[in-house]
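# Architecture at a glance
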Amino acid sequence: QVTLDRDKTYTIATDTTFAPFEFVNKKGEFVGIDMDLVKAIAKDQNFMYEIKSVGFNSAVQALESNQVDAVIAGMSITPERKAKFAFSDPYFDSGVVMAVAEDDDQVTSYDDLKGKRVAVKTGTEGATFANSIKQKYDFTPVAFDDSDSMYNDVKTGNSVAVFDDYPVLAYGVKNGNGLKLVTDKEKGNSYGFAVGKNKNADLLTAFNTGLANIKTSGEYQKIQDTYLKTDK
Ligand code: GLN
C-alpha cells in the first residue's frame, strides 16, 4: 500500500544531456524517454516532482548524500550501486559501445587505441568498462562530466574514441552527431529509477506501479516510439 506524501514535491535528479533519455529539444524544453516516463508515472500515481538536471555523477552523489529523493538518468542497475541505492524494475536495456569520429578510418577496434586518449563520463558504466580494459589495450581514459563534452573531444581529435551507452550513441549517430560506432555492444545493465536505500520506499513502489500501469495502457510504448521509431 502506497502512502506517498501528496503535498510534497519530490526532487528527481538527472543528467544534463543524454538523448534520447534527457535533453533539450528545439523548443528549449527538457524532454526524453526518462522525462516522459516520470511525467506519465507521476500523473498515474498522483505525486508532484521537480527535475534537477545536474549531470550524471552529480545526480548520483546528490542521491547518496540525500540532497535529492531520486535519480532517473539512464542509470544502470549495477551490483555496486545496489549496495547504496534501491532500484525500480528495469525499464530499458542498455550496454556499452565505442564510437570514433565519422571520418576516422584508423581506429576500428580496441587494439587501435594503443597509446591514445579515450573519452569517458565520470562515474558511468562506460568509464568502468574503459578502465577495465585500459591496461590490456594500453590507452588513457580521459574523464568528462557530460556526453556532449566527450563527443566534442573526439571530434576535435583530442581523444580518438568514446565509450558510452549503446542506445545513446546509436541515437546520436543516427541524428548526425559526427561519430560512428565501430565495435559490437558490450553487455551492460538495464536502466532503473533509483532512490536511497531504506528511503522513499513509497516513491519507489509508486514508480513501479505506475510503470506497470503505463505498460498496460500502451503509454510506455508510445513514449518509446516518440523518440525511437524509425519507419521513415
Ligand atoms: N548508464 C550509464 C551508467 O549508469 C550512464 C548513465 C549516464 O551517463 N547518464 O553508468
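Now for a description of the structure that goes with this document.

Parameters at a glance
Residues numbered from 1 in each chain as written. Predicted model: local features only at pLDDT ≥ 70, side-chain atom pairs only at ≥ 80, totals over all residues. Heavy atoms only, no water. Helix = DSSP H or I, 4+ residues; strand = E, 2+ residues; numbered from the N terminus. Polar contact = N/O pair within 3.5 Å; in protein donor to acceptor, adjacent residues only side chain to side chain. Contact = heavy atoms within 4.5 Å. Core = buried A, V, L, I, M, F, W, Y, C linked by side-chain atoms within 4.5 Å. Buried < 20%, exposed > 50% of the residue type's maximum accessible area, 1.4 Å probe, protein only. Domains from an automatic or database assignment. 1 Å grid on protein atoms, 1.4 Å probe; cavity = no way out; pocket = protein on both sides within 12 Å on 5 of 7 lines; lining within 4 Å. Points joined across faces, edges and corners; volume = space filled by probe spheres on them. Nonpolar A, V, L, I, M, F, W, Y, C, P; charged D, E, K, R; others polar. Near = heavy atom within 4 Å. Areas by Shrake-Rupley, 256 points an atom, 1.4 Å probe, with all protein chains shown as cover. Sits in = over half its atoms within 2 Å of the grid points.

### Here's the deal with the environment of Ser 94
By the element assignment, Ser 94 lies in the loop between strand E6 (85-87) and strand E7 (95-101). For the pair formed by Ser 94 and Leu 113, sequence separation is 19 residues and the distance between their alpha carbons is 23 Å. At a separation of 3.0 Å, a polar atom in the side chain of Ser 94 contacts the side chain of Tyr 191.

### As for the environment of Tyr 171
Following the sequence through the fold, Tyr 171 ends up in helix H6 (residues 166-174). Between the C-alpha atom of Tyr 171 and that of Phe 92, which follows or precedes it by 79 residues, the distance is 14 Å. Tyr 171 has contacts with Ala 19, Pro 20, Phe 23, Tyr 227 and Leu 228, leaving out every residue within four places of it along the chain.

### Overview of unusual backbone geometry
Cis peptide bonds are those with omega within 30 degrees of zero, and the linkage from Ala 19 to Pro 20 qualifies with 10°. With a phi close to 60°, Asn 66 is a non-glycine residue in the positive phi region. Relative to the elements of secondary structure, Asn 66 occurs in the loop between helix H2 (56-64) and strand E5 (70-71). Not every positive phi belongs to a glycine, and Asn 200 is a case in point at roughly 50°. You can see Asn 200 is positioned in the loop between strand E13 (194-196) and helix H7 (201-217).

### As for the nonpolar core
The tendency in soluble globular proteins is for nonpolar side chains to be buried side by side. Core analysis: the biggest nonpolar cluster contains 46 residues, and Leu 37, Phe 47, Ile 72, Tyr 91, Val 162, Phe 193 and Leu 203 have the highest contact counts within it. Those elements that place two or more of their residues in this core are strand E1 (9-14), helix H1 (33-45), E7, strand E9 (140-144), helix H5 (147-155), H6, H7 and helix H8 (219-228). Of the residues forming this core, the biggest block, seven residues, is contributed by H1. There are two domains that each give this core at least three residues, and those are domain 1 (9-92 + 189-228) and domain 2 (95-187). With residues up to four places along the chain from it excluded, the contact list for Leu 203 reads Leu 4, Tyr 10, Phe 47, Asp 69, Ala 70, Phe 193 and Val 195.

### Points about empty space enclosed by the protein
Applying the stated criterion across every chain, the model contains one cavity of 30 Å³ or more. Of the volumes computed, that of the largest cavity is approximately 80 Å³. Along the walls of the largest cavity sit Asp 15, Phe 18, Phe 56, Ala 73, Gly 74, Ser 76, Arg 81, Lys 121, Thr 124, Glu 125, Asp 164 and Asp 165, which together make up its complete lining. Here the lining of the largest cavity is built from residues that sort into three nonpolar, three polar and six charged. Each of domain 1 (9-92 + 189-228) and domain 2 (95-187) accounts for three or more of the residues forming the lining of the largest cavity.

### Remarks on the site of the ligand
For the ligand, the set of nearby residues contains 13 residues, the closest of which are Gly 74, Ser 76, Lys 121, Glu 125 and Asp 165. Residue Asp 15 places a side-chain N or O atom 2.8 Å away from a nitrogen atom belonging to the ligand. Here a nitrogen atom of the ligand and a side-chain polar atom of Asp 165 are 2.5 Å apart. Here the ligand loses 100% of its free accessible area of 300 Å² to cover by the protein chains. One can see that the ligand is located within the largest cavity. When grouped by side-chain class, the residues that make up the shell around the ligand number five nonpolar, three polar and five charged. Mapping the shell around the ligand onto the domain boundaries places at least three of its residues in each of domain 1 (9-92 + 189-228) and domain 2 (95-187).

Scope: geometric values only; no functional claims are made or implied.
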